Amino acid sequence: MNEGNKKKLNITVKSNTKDLFAFTKLVPNRMKRIERASSEPITKDPINDLARKLHPERQFLIIDAIKEETRSTKTYKLIPDPESETKKLSYFRPGQYLSLKVDVNGVRITRPYSIASSPTDVANGFYEITIKKEENGFLTNYLWKNWDIGTKIESSGPEGFFFFERLRDLKNIVGIAGGSGITPFRSIAKAIIEGKIDARLTLLYGSSEEDDIIFYDEFKEMEKNNPTKIKIIHVLSCEEVSLEGCEKGFITGEIIGKYCDVHASTFFICGPQVMYDFIEKELNKFNLPVKRVRREAFGEIKDILKYPGFPKELADKGFKLKVQIGGLSKEIPALATESVLVALERANLAPPSKCRSGECGFCRSLLVSGEVFINPISDWRRSADKKFNYFHPCASYPISNIEMKIPRDL
Amino acid sequence: MSNKKEQNLEDSYDVVVIGAGNGGLSATAFLAQKGLKVLMLEQHNLPGGVATSFVRGRFEFETSLHELASYGPETNKGNVRRMFEDRFKLDTEFVQVPEAYRLIVTDPNEKMDVTMPFGVENMIDAIEKEVPGSRESVKKFFDLAEEIGEAFNYIGSTGGKPDQGVLMKEYSNFLKTAAYSTQEVEDALGIPKKAQDILNGYWAYLGLPISRINFTIYCTMVQNYADLGGWIPTNRSHGFTTAFDKKIREYGGRIEYNTRVEKILVENGKITGVETVNGDKFKTNYVICNASPTLTYNKLIYPKSEVPEIAYKDVNARIHGLTGFVIYAGLDASAEELGLTEYGYFIMDSMNTEALYDSWTVLKPPKGLACVVLNNALPDCSPPGTCILDITTLYKSEPWENVKPEDYHDTKTKIAEELLINFEKATGTSIRDHIEEIEIATPATFARYTRHYKGIFYGYEPESWDSIVPRLMSMGKDVYIEGLEFAGGFNRRLHGYSSALGDGMISAQLTYAKIMKERDNA
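A. Up close: the overall build of chain A. Helix and strand content of chain A: eleven helices and 19 strands. In terms of C-alpha radius of gyration, chain A reaches 27 Å, well past the compact-globule figure of 22 Å for 410 residues. Sequence-distant contacts in chain A: of pairs separated by 6 or more residues, those separated by 24 or more amount to 70%.

B. Inspection of the overall build of chain B at higher detail. Per the secondary structure count, chain B includes 18 helices and 21 strands. For 522 residues, the compact-globule estimate of 2.2 N^0.38 gives 24 Å, and the C-alpha radius of gyration of chain B, at 23 Å, lies within 12% of that figure. Overall, chain B is about 65 × 60 × 45 Å in size when its C-alpha atoms are taken along their principal axes. Residues classed as buried in chain B amount to 62% of the 522 residues present. Across chain B, contacts joining residues at least 24 apart in sequence account for 73% of those joining residues at least 6 apart.

C. Structural view of the environment of A:I173. Residue and element names in this part refer to chain A. Mapped onto the elements, I173 comes out in strand β7 (residues 172–178). The spacing of I173 and L341 is 168 residues in sequence and 34 Å in space, taken between C-alpha atoms. Once residues lying within four places of it in the same chain are set aside, the contact partners of I173 are F164, A199, R200, L201, S265, T266 and F268.

D. Here's a closer look at the confidence of the model for chain A. Per-chain confidence: chain A averages 95 in pLDDT, with 98% of residues scoring 70 or above. Counting interchain partners and residues more than four positions distant, the pLDDT-below-50 stretch residues 1–6 of chain A has six contacts.

E. Examining the sheet that holds strand β16 (residues 323–331) of chain B more closely. All names here are of chain B. With mixed pairing, seven strands are arranged side by side in an open sheet as β8-β7-β17-β18-β19-β16-β20. With partners counted over all chains shown, the strands left at the sheet margins are β8 (112–116) and β20 (435–441), one partner each. Across the sheet, the mean angle from the axis of one strand to that of its neighbour is 15°, orientation sign disregarded. Relative to strand β18 (residues 368–373), strand β17 (residues 344–348) runs antiparallel, the two being bridged by five bridges. Bridging across to β18, Y345 finds its partner in C371.

F. Molecular detail of the domain arrangement of chain A. Residue and element names in this part refer to chain A. We note that the domain assignment places domain 1 (50–159), domain 2 (172–295) and domain 3 (305–406) within chain A. The C-alpha centroid of domain 3 is placed 26 Å from the C-alpha centroid of domain 1. Secondary structure elements with two or more residues in the side of domain 1 that touches domain 3: β4 (107–114) and β6 (152–159). For the side of domain 1 that touches domain 3, the element with the highest residue contribution is β4, accounting for five residues.

G. Representation of helix α10 (residues 236–250) of chain B within the structure. All names here are of chain B. In this model α10 runs 22 Å from its N-terminal to its C-terminal C-alpha over 15 residues, within 8% of the 21 Å that 1.5 Å per residue would give. The buried fraction of α10 amounts to twelve of the 15 residues, a majority that puts the element mostly inside the structure. Residues of α10 that are buried include every one of R236, S237, H238, G239, F240, T241, T242, A243, F244, D245, K247 and I248, and no others. Downstream of α10 by a residue or two, G252 has a phi angle that is positive, lying close to 95°.

H. Here's a closer look at the domain arrangement of chain B. Residue and element names in this part refer to chain B. As far as domains go, chain B holds domain 1 (5–45 + 257–319 + 461–521) and domain 2 (119–227). On a C-alpha basis, the centres of domain 1 and domain 2 stand 31 Å from each other. With 14 residues of domain 1 at the interface, the matching set in domain 2 holds 17 residues. Residue composition of the side of domain 1 that touches domain 2, grouped by class: seven nonpolar, five polar and two charged.

I. Structural context of the sheet that holds strand β10 (residues 247–248) of chain A. Residues and elements named next belong to chain A. Read across the open sheet, the six strands follow the order β10-β9-β8-β7-β11-β12; overall the sheet is parallel. Every interior strand has two partners, whereas the edge strands, β10 and β12 (293–295), have only one. Bridging between β7 and strand β11 (residues 266–270) involves five bridges; their strand directions are parallel. Looking at β11, one finds that V174 is bridged to F267. In this fold helix α6 (residues 183–193) packs onto β7, β8 (200–207), β9 (230–236) and β11, with an angle of close to 155° to the strand it touches most, β8.

J. Molecular detail of the packing of helix α3 (residues 120–130) of chain B against helix α4 (residues 135–157) of chain B. Residue and element names in this part refer to chain B. At a minimum axis separation of 9 Å, α3 and α4 run at an interaxial angle of 150°. The orientation of α3 relative to α4 falls into the category roughly antiparallel. Here α3 runs over α4; the crossing is right-handed. Here α3 contributes V120, I124, I127 and E128 to the contact with α4, which in turn contributes R135, V138, K139 and F142. Tallied by class, residues from the contact of α3 with α4 come to five nonpolar, no polar and three charged.

K. Looking closely at the pairing of strand β2 (residues 15–18) of chain B. Residue and element names in this part refer to chain B. Side-chain alternation along β2 places V15 and V17 on one buried face and V16 and I18 on a second face that is also buried. Handedness of the crossover joining β2 and strand β3 (residues 38–41) through helix α1 (residues 22–33): right-handed. As paired strands, β2 and strand β14 (residues 287–289) are joined by three bridges and run parallel to one another. By the bridge assignment, V16 is partnered in β14 with V287.

L. Broad picture of the nonpolar core. By size, the foremost hydrophobic cluster in this structure holds 198 residues, and its most contacted members are B:V16, B:V287 and B:I327. For this core, the element with the highest residue contribution is helix α9 (residues 215–228) of chain B, accounting for nine residues. Excluding its chain neighbours within four sequence positions, the residues that come into contact with B:V287 are B:V16, B:I18, B:I264, B:I271, B:V274, B:G483 and B:L484. If you look at the next biggest cluster of nonpolar residues, it comprises 37 residues, including A:A189, A:F215, A:V235 and A:C270.

M. Region of interest: unusual backbone geometry. Of note, the amide linkage connecting B:Y302 to B:P303 takes the cis form, showing an omega dihedral of -5°. If you check the backbone angles, A:N136 has positive phi at about 55° while not being a glycine. One non-glycine residue, B:K454, lies in positive phi territory at about 55°. Tracing the backbone shows B:K454 in the loop between α16 (443–450) and α17 (468–473). On the neighbour-count criterion, B:K454 (29 C-beta atoms within 10 Å) is buried.

N. Seen up close, the confidence of the model for chain B. The share of residues in chain B with pLDDT of 70 or more is 99%, and the mean pLDDT across the chain is 96. In the model output, the complex is listed with pTM 0.97 alongside ipTM 0.97.

O. Geometry of the interface of chain A and chain B. Taken together, the contacts link 64 residues of chain A with 77 residues of chain B. Broken down by element, the side of chain A that touches chain B gets its largest block of residues, eleven residues, from helix α2 (residues 16–36) of chain A. Among the residues making up the side of chain A that touches chain B, the classes are represented as 32 nonpolar, twelve polar and 20 charged.

P. Looking closely at the packing of α2(A) against helix α12 (residues 309–317) of chain B. Viewed as axis vectors pointing N to C, α2(A) and α12(B) meet at an angle of 110°, and their least axial separation amounts to 7 Å. As the angle between them shows, α2(A) and α12(B) are arranged roughly perpendicular. Within the contact between the two elements, α2(A) uses A:R33, A:I34 and A:E35 and α12(B) uses B:K313, B:D314 and B:A317. Residues of the contact of α2(A) with α12(B), tallied by class, amount to two nonpolar, no polar and four charged.

Basis of the calculations
Residues numbered from 1 in each chain as written. Chains lettered and ligands numbered in written order. Predicted model: local features only at pLDDT ≥ 70, side-chain atom pairs only at ≥ 80, totals over all residues. Helix = DSSP H or I, 4+ residues; strand = E, 2+ residues; numbered from the N terminus. Rg over C-alpha atoms; globule rule 2.2 N^0.38 Å. Contact = placed C-beta atoms within 7 Å. Buried ≥ 20, exposed ≤ 12 C-beta atoms within 10 Å, placed from the backbone. pLDDT = per-residue confidence, 0-100. Pairing = 2+ DSSP bridges. Axes fitted to C-alpha atoms, helices over the stretch in contact; angles between N-to-C directions. Domains from an automatic or database assignment. Expected span 1.5 Å × (residues − 1). Nonpolar A, V, L, I, M, F, W, Y, C, P; charged D, E, K, R; others polar. Parallel < 35°, antiparallel > 145°, perpendicular 65-115°, else oblique. Left-handed = near helix turned anticlockwise from the far one by under 90°. Right-handed = clockwise from strand over helix to strand, strands pointing away. Core = buried A, V, L, I, M, F, W, Y, C linked by C-beta atoms within 7 Å.

Here's what the structure looks like:
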């Protein structure tokens, strides 16, 4: 800036006197306005209230009814626990899940379960979740023995990104479900029928046995009453099939091509991890844009040994985790083949967690020293977190002794 | 849980900083660097407040930053760059955005489409080209802005108690404009209407109509951008906030995330401690609060009888500012393929900023947008053949207050859709067919993550009576509880990244000085 020029500038807004007077009055005027203001405290914040209704930090629920869907599947109807602060359930987008917190014999763990009921039923005061008993399932064994009508359950708010987004998705939805992966599609189908989602659903549903098909009658009924909106094709992998009109084997590209307008559809996939690996290859044949294939987070990787990059020689190895959580420091054992989160839960030191798939970032923790293996398919960390050694324990496996700082549950 | 109590913290600290937003981070880093025993508590599980990022699919979105003013090139460092590089040696990297802004005005009667370069002289030239004969008056705008910037530095250096004689002698133009709106001074300078409209492009970053926004703060912001350029971090805002996190720990400071303060304990007008929802109890005589005075006085101070009447009056006298609405879109075509040539677009129905502001007070698609195509500054911020587009607009919180949870998604989706259409029309591009990931943030989203009162992120409105000048000159007089300082966008430097970061430094310096004085006396 030219010094000479600057000196020449001499601004007058109203008049020299008025301008200077206005300046001298600034602070006194402000003080006057403050002195004259109300001294009433502010007690309301409707925007934070809305945020908490949409995203409650926790919901306290109680089992109101249990329905046996198949020999290994039950639907739990959950309502607000009348003795708790949860008066109303949080509204959700069909396809979202609840992360349940369960004390299993003194070990507190979380599990994500898709909401199977319609969002309209929130107004009727309930959610439904449908759970399939897993062989040797740590949690489901416990649930089958202990969950009954009246059992209290703590849950997260509705979570996850597996929902129809009309600004992005095509109105032809093709659902590909395996096993209990059908649960979010029940919610989506109901919302379509109720006019909450303007789309059509073609559901390719893979089951291993006829007896394992969940919601068979319900979907049949929905299809019958809404033939232009809902279509379901059962795909059975067992040898003997008595069901009419179903496909045998797995959900292959051929089957997908037979029932769907592949290039005019958005695919939603939900099922066990093995199904993803299979479907991925089948869908690749169509060379679809990334945006046309939505995947639900598949939960914890159970067989990390199978994945390339994992140091297989560590399969039987155990390591020590030195954990700082709030004011507590503790050393705990961990296995290389189990996620850091599982080791933490076993020691009752778990940080908050929801998706257990590396996606939501809720368990984000600081790796102070040591090394973890993170499978690239479940590495959803922010770039700076990678740089500064923050990691998601639910999707990380210890491959040395490690020292970490984890957040407490709020 | 049986062992949750074992996790509780009980300790004493020289200073407890509440909130890890920009103001909290710089304050904590300063105090930790000075060797004080300092603890920063943050209710979210990340640092930054709105200065963060999030991942969806193949994209990592920048949450709120469009560009940092006050960063500047190596050869002309701004305050923020001096803080990051020279003072704290943060492990960060920034790049300059290519142009100041492209301003598109869509009203047929005012139609305009101009792209402004960085550099004061370049900007003056560009405006002269659009509005022949504007050069002299526009140049005065920037000259004035420079003098006013120097006056701010002077006032800051006196701790808010400037010598009136010095002000009269050295900064008379500052004195004479300090009480006026941008409109009043631009008119007084004789800037032609169309040149005003171009100069007013950045108005939405302060969020008040030109007729109400105080001139001194507006012109210094424009001058800062023009002179230093706009800069962004290569790893999104989460890059520098996490670098702060690391540095604070290196300095020996302690950070606890997922830890929400429930009570700031006060006895006989003095801070004595802090308690958290988690069950922690901390002794301290000094708190730097990155939460707003509104939230602090109405919710955090304990017992309530310790909140002086004047504190409530102070909060109630101020005008609570804006919150926002952002569409984050990951697109499956490159910016080039889509014809998105600029980094920053301001798309305004007209340059009647009062009408635009009014459009933020009703639950309809607002008439002013600020859009960023991140790849045009950071080509590798998303995979090849994709790009990231953020469309931001503002809202008063009121129109969102009566939205029912069951209508919330439809409401925001409809507004987002219209804004996307408006963006396409204004830029002549087609983007809706390319959406691979999309998130829509509303005032409720900002409330969810920051817990700010009503989700507000623009602090108190900086009309002349409550703009930076009277705020700076009231420094010290507005401390109603001994040991309590505020830091961040609601405080004396107003909102915005650079302001909040700078404000944290001032609050930390004031607190540090008090502690040192106490130690000297002891």
